[in-house]
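Understanding the architecture of this molecule
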Amino acid sequence: MNLVLLGAPGSGKGTLAKLLSSELGVPHISTGDILREKVHQAGLLGKIVKPFMETGKLVPDEVMLNIIEKRINQPDCKKGFILDGFPRTLVQAEKLDQLLSDSNRSIDFALEFEVSGQCALKRLGGRRICSMCGADYNLYSKLPQKEGVCDICGGKLFQREDDKEDVVLNRLKVYREETLPIEEYYNHQGKLIRINSEPNPDMVLKEILKVLET
Ligand code: AMP
């Protein structure tokens, strides 16, 4: 199954993407994670995308399409994939359909995760990531056993630069302006499924699986 996950920053789509990936046995492709890894490697691509990411702006479509084309053509995507954070513009959505149809594939559903702005701000403001293994925690809903330290590997927890409040507000604005039209794009194709993602992730997962089965 080929899924696209849509939702404002803080809507919980990353968490659900991981749960869905193990439930459905298909890879979770987060373009944010791919880009963060590039920045970490500090090569040319990393240097190009870093300033966009630090200010919450979108990385240019051309760069993103290059990345996604390579990723969805890898063998582990033959059974399907879950896209998290892509597409984020109409151009990306249209080009994705084109790329997939070149190999007789298509998107099955676009899941739109809905939360109130207040809930999104709280989730992002509270998010902490392990600097060593990447596990995520939350000051409001998923505290580590020892403050500031990862339960899994003992790594130090940190707050992502783009989870700080001024950048979050910009990311929410960018989402409203550039990404909402994508919802309409998939709605028009009859592929949009709206999901209330305020409940806890296990309940949301159950709801999604129920909807996908019907
Ligand atoms: P995320 O972790 O999905 O919130 O992504 C973090 C940042 O990476 C975003 O604020 C953008 O700067 C960049 N980014 C991730 N995916 C895309 C995309 N599909 N198009 C453009 N920029 C992206």
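Above this text sits the structure in question.
Below, the structure is looked at part by part. Remember, it's a predicted structure, so these values are computed and weren't measured experimentally. (Residues numbered from 1 in each chain as written. Predicted model: local features only at pLDDT ≥ 70, side-chain atom pairs only at ≥ 80, totals over all residues. Heavy atoms only, no water.)

1. Focus: the pattern of salt bridges
The condition that has to hold: Put simply, a salt bridge is a Lys or Arg side-chain nitrogen that is within 4 Å of an Asp or Glu carboxyl oxygen. Working definition: helices are DSSP H or I runs of at least four residues, strands are E runs of at least two. Numbering for both runs from the N terminus. Throughout this description, buried means an accessible area under 20% of the type-specific maximum (1.4 Å probe, protein chains only), exposed means over 50%, and partly exposed covers the range between.
Within the structure shown, the criterion is met by 14 salt bridges. Lys 18 is the salt-bridge partner of Asp 136, the closest N and O atoms lying 3.5 Å from each other. Within this pair, whereas Asp 136 is found in strand β6 (residues 136-138), its partner Lys 18 is found in helix α1 (residues 13-24), the two being separated by 118 residues in sequence. Taking the relative accessible area as the measure of exposure, Lys 18 reaches 44% and is therefore partly exposed. Across the pair Lys 210 and Glu 207 runs a salt bridge whose closest N-O atoms are separated by 3.7 Å.

2. A closer look at the sheet that holds strand β4 (residues 109-114)
Whenever strands of a sheet pair, they do so through backbone hydrogen bonds, lying parallel or antiparallel. Definition in use: Strand pairing is assigned whenever DSSP detects at least two bridges linking the two strands. Lines fitted to the C-alpha atoms define the axes, with helices restricted to the stretch that makes contact. Angles between their N-to-C directions range from 0 to 180 degrees.
Strand order in the open sheet formed by 5 strands is β2-β3-β1-β4-β8, and the pairing between neighbours is parallel. What marks the edges here is a single partner per strand, and that holds for β2 (28-30) and β8 (192-196). Each strand of the sheet is rotated relative to its neighbour by a mean of 25°, with strand direction disregarded. Where β2 and strand β3 (residues 81-84) come together, 3 bridges link them in parallel fashion. Within β3, the position partnered with Ile 29 by the bridge is Leu 83.

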